[in-house]
Amino acid sequence: MSLENLLKINQLQRHTANAEEVQRLLAAAERNLADSAVPGLSDETRFVAAYKAIMQCAMLGLMAHGYRPSTTSPGHHQTMMQTLGLTLGVEQSVWVVLDSLRKKRNLNDYSGDLIEPAAVRTCITHAQQLLGQTRQWLLANRPDLGR
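These notes cover the structure that comes with them. (Residues numbered from 1 in each chain as written. Predicted model: local features only at pLDDT ≥ 70, side-chain atom pairs only at ≥ 80, totals over all residues. Heavy atoms only, no water.)

## A short note on the overall build of the protein
Heads up, the rule is: The way it works is that DSSP assigns letters per residue, a run of H or I at least four long becomes a helix, a run of E at least two long becomes a strand, and they are numbered from the N terminus. Atoms considered for the radius of gyration are the C-alpha atoms alone. The globule rule reads 2.2 Å times the number of residues to the power 0.38. When checking whether two residues touch, look at their non-hydrogen atoms; a contact exists if any pair is within 4.5 Å. The accessible surface values rely on the Shrake-Rupley method and a 1.4 Å probe; as for residues, cover is taken only from the protein chains in view. Counting rule applied: Lys, Arg positive; Asp, Glu negative; His and chain ends not counted. For the purpose of locating charges, the reference atoms are NZ of Lys, CZ of Arg, CG of Asp and CD of Glu.
Scanning the protein from terminus to terminus reveals seven helices and two strands. Mapped in sequence order, the helices and strands of the protein form the string α-β-α-α-β-α-α-α-α. On C-alpha atoms alone, the protein measures out to a radius of gyration of 15 Å, which is about the 15 Å that the 2.2 N^0.38 rule sets for 147 residues. Considering only contacts in the protein between residues 6 or more positions apart, those separated by 24 or more positions represent 72%. Just so you have it, the protein exposes about 7600 Å², and 52% of that area is on carbon and sulfur atoms. Considering the protein, the positive charge centre built from 15 side chains and the negative charge centre built from 13 side chains are found 4 Å apart.

Have a look at this one:
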């Protein structure tokens, strides 16, 4: 499905990003990634911080293409994950893993399921990689949004 199709079914909205907004979101992703590495925090808190960095990168990808998710429709986190291939060139095998992390976060949030240490490590690793890929993509494709 294309970004335009997602717009037509109200999963996305048009959005014009500016450099200040993008830099704030990049800085927030970096802070969340740093928080995920704090050893004294619970596994759940570290996982959520890394997951948040992933979502912020997904948001940046959409914003760089002139969109943002429609939060009035359910499933906006899933939409953001699944558009990573279209926005930042993330391979399907990677965003499938990221989507499984989304499901794990939902189970933790809504059912209290525990987050295993291996899932924390996976989430942090993917957040680090995605943040690097996001920065590279912005530099190569939208230098007007970077510094």
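After that view of the structure, there is still more to cover.
## Describing the packing of helix H3 (residues 43–64) against helix H6 (residues 92–111)
Worth spelling out the cut-off: Each axis is a line fitted through C-alpha atoms, taken for helices only over the stretch in contact, and angles between the N-to-C directions span 0 to 180 degrees. Between 65 and 115 degrees an angle is taken as roughly perpendicular, under 35 as roughly parallel, over 145 as roughly antiparallel, and anywhere else as oblique. Crossings are sorted by hand: turned counterclockwise from the far helix by less than a right angle, the near helix makes the crossing left-handed, and turned clockwise it makes it right-handed.
Packing of H3 against H6 brings their axes to within 11 Å, and their N-to-C directions diverge by 135 degrees. With respect to H6, the element H3 is oriented oblique. In terms of crossing hand, the pair formed by H3 and H6 is left-handed. Contacts from Glu44, Phe47, Tyr51 and Ile54 of H3 reach H6 at Leu98, Leu101, Arg102, Lys104, Arg105 and Asn108.

## Re the environment of Leu138
Here Leu138 shows up in helix H7 (residues 117–141). Once the C-alpha coordinates of Leu138 and Ala50 are considered, the two residues, 88 residues apart in sequence, prove to be 20 Å apart. In this structure, Leu138 is in contact with Val22, Leu26, Ala64, Pro143 and Leu145, ignoring residues within four places of it in sequence.

## Some remarks on the pattern of salt bridges
Selection criterion: The rule for a salt bridge is simple: a side-chain nitrogen of Lys or Arg has to be within 4 Å of a carboxyl oxygen of Asp or Glu. Each residue is placed in one exposure class: buried if its accessible area under a 1.4 Å probe, protein chains only, is under 20% of its type's maximum, exposed if it is over 50%, and partly exposed if it falls in between.
Tallying each qualifying case throughout the model produces seven salt bridges. With a shortest N-O distance of 3.2 Å, Glu20 and Arg24 are connected by a salt bridge. In this pair, Glu20 and Arg24 are both assigned in helix H2 (residues 19–36), four residues apart and thus about one turn of the helix distant. In this pair, the class of Glu20 matches that of Arg24, namely exposed. Where Glu30 meets Arg135, a salt bridge forms, and the shortest distance between an N and an O atom there is 2.7 Å. One end of the pair, Glu30, is in helix H2; the other, Arg135, is in helix H7, with 105 residues separating them in the sequence. With relative accessibility at 37%, the residue Glu30 sits in the partly exposed group. What you see here is one network of salt bridges that share partners, running through Asp99, Arg102 and Lys103.

## Describing the state of the cysteines
The test is simple: Cysteine sulfur atoms that come within 2.5 Å of each other are treated as a disulfide pair.
Enumeration according to the criterion identifies zero disulfides in this entry. Looking at Cys57, it has no disulfide partner, and the nearest cysteine sulfur is the one in Cys123, 11 Å off.

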